[in-house]
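Next come the chains, spelled out residue by residue.
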Amino acid sequence: IAGITQAPTSQILAAGRRMTLRCTQDMRHNAMYWYRQDLGLGLRLIHYSNTAGTTGKGEVPDGYSVSRANTDDFPLTLASAVPSQTSVYFCASREQGARNSPLHFGNGTRLTVT
Amino acid sequence: GQQVMQIPQYQHVQEGEDFTTYCNSSTTLSNIQWYKQRPGGHPVFLIQLVKSGEVKKQKRLTFQFGEAKKNSSLHITATQTTDVGTYFCDGGSQGNLIFGKGTKLSVKP
């Protein structure tokens, strides 16, 4: 079934540890995005990539990094986790160039930093 | 910077009552998309509006795009418990995606 796969589903992480959230899509979408969702704050864009090999900063990029080595994968890395990064993280993709195309979301990763 | 404001933040209704959420932008939008997120789930695309004054319907849901393309609304007629969730608008301008904070709908049976 085509779509976006995120891993892990949930994670409890000690502060200061490094963590990579994985995101893979099989729809050949060029554009991919990472959002975090916190109660009362909605969906906030962390980083995005319009095509393989390029990335850009979103609204809340500090403390996060991304890479886009190929079309399918868009991992999000927390170099040194802090409690304020406790959140639900969603990866999304859409067809690049078709500015009106809808976003497809993964099931999310629930991260707790202690 | 560009902002998309969504109101209300929360709405509690009795089953059978109508519900409306509004999305307002500080700048003109090229298009607007609406998403629904069920509790514990991920956002799912509902519809896209592109034209000024556009109105689209999906069963009990009516979506409108303002004449100036700066605001939009989602109206649900005769809510059901299956309508529970958070509704987000996503405004696009020059390719950027700006989500509203969402309206969380609860329906009392």
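Residues numbered from 1 in each chain as written. Chains lettered and ligands numbered in written order. Predicted model: local features only at pLDDT ≥ 70, side-chain atom pairs only at ≥ 80, totals over all residues. Heavy atoms only, no water.

## Some thoughts on the packing of aromatic side chains
Any two aromatic rings considered together are summarised by their centre-to-centre distance and by the angle between their planes. Our working rule: For Phe, Tyr and Trp, rings pair up if their centres lie within 6.5 Å, where Trp contributes its six-membered ring, and each pair is then called stacked (planes under 30 degrees apart), edge-to-face (over 60) or tilted (otherwise). For the purposes of this entry, the term helix denotes a DSSP run of H or I that reaches at least four residues, the term strand denotes a run of E that reaches at least two, and both are numbered from the N terminus. Any Lys NZ or Arg CZ found within 6 Å of a ring centre and within 35 degrees of that ring's normal is scored as a charge over the ring.
Here the structure, examined in full by the defined rule, presents seven aromatic pairs over all chains. Ring geometry for Tyr35(A) and Phe105(A): centres 6.0 Å apart, planes at 45°, overall tilted. One end of the pair, Tyr35(A), is in strand β4 (residues 31–38); the other, Phe105(A), is in strand β10 (residues 104–105), with 70 residues separating them in the sequence. An aromatic cluster of three or more residues is present, and its members are Tyr33(A), Tyr35(A), Phe90(A), Phe105(A), Tyr35(B) and Phe45(B). When the ring centre of Phe74(A) is taken as reference, the NZ or CZ atom of Arg68(A) above it lies at 5.9 Å.

## Let's talk about unusual backbone geometry
Residue Ala7(A) is joined to Pro8(A) through a cis peptide bond whose omega torsion reads -5°. With respect to the helices and strands, Pro8(A) occurs in the loop between β1 (4–7) and β2 (10–13). For the bond running from Ile7(B) to Pro8(B), omega is -5°, close enough to zero to count as cis. With respect to the helices and strands, the residue Pro8(B) is situated in the loop between β1 (4–7) and β2 (10–14). If you check the backbone angles, Ala78(B) has positive phi at about 50° while not being a glycine. Relative to the elements of secondary structure, Ala78(B) occurs in the loop between β8 (71–76) and β9 (85–93).

## Focus: the state of the cysteines
Residue and element names in this part refer to chain A. Which entries qualify depends on this criterion: By convention in this document, the label disulfide applies to cysteine sulfur atom pairs within 2.5 Å.
With the rule as written, the count across this model stands at two disulfides over all chains. Between the sulfur atoms of cysteine 23 and its disulfide mate cysteine 91 the distance is 1.9 Å. Residues cysteine 23 and cysteine 91 share a disulfide whose torsion about the S-S bond is about -75°; that sign makes it left-handed. Of the two residues, cysteine 23 is situated in strand β3 (residues 19–25) and cysteine 91 in strand β9 (residues 87–94); the sequence distance between them amounts to 68 residues.

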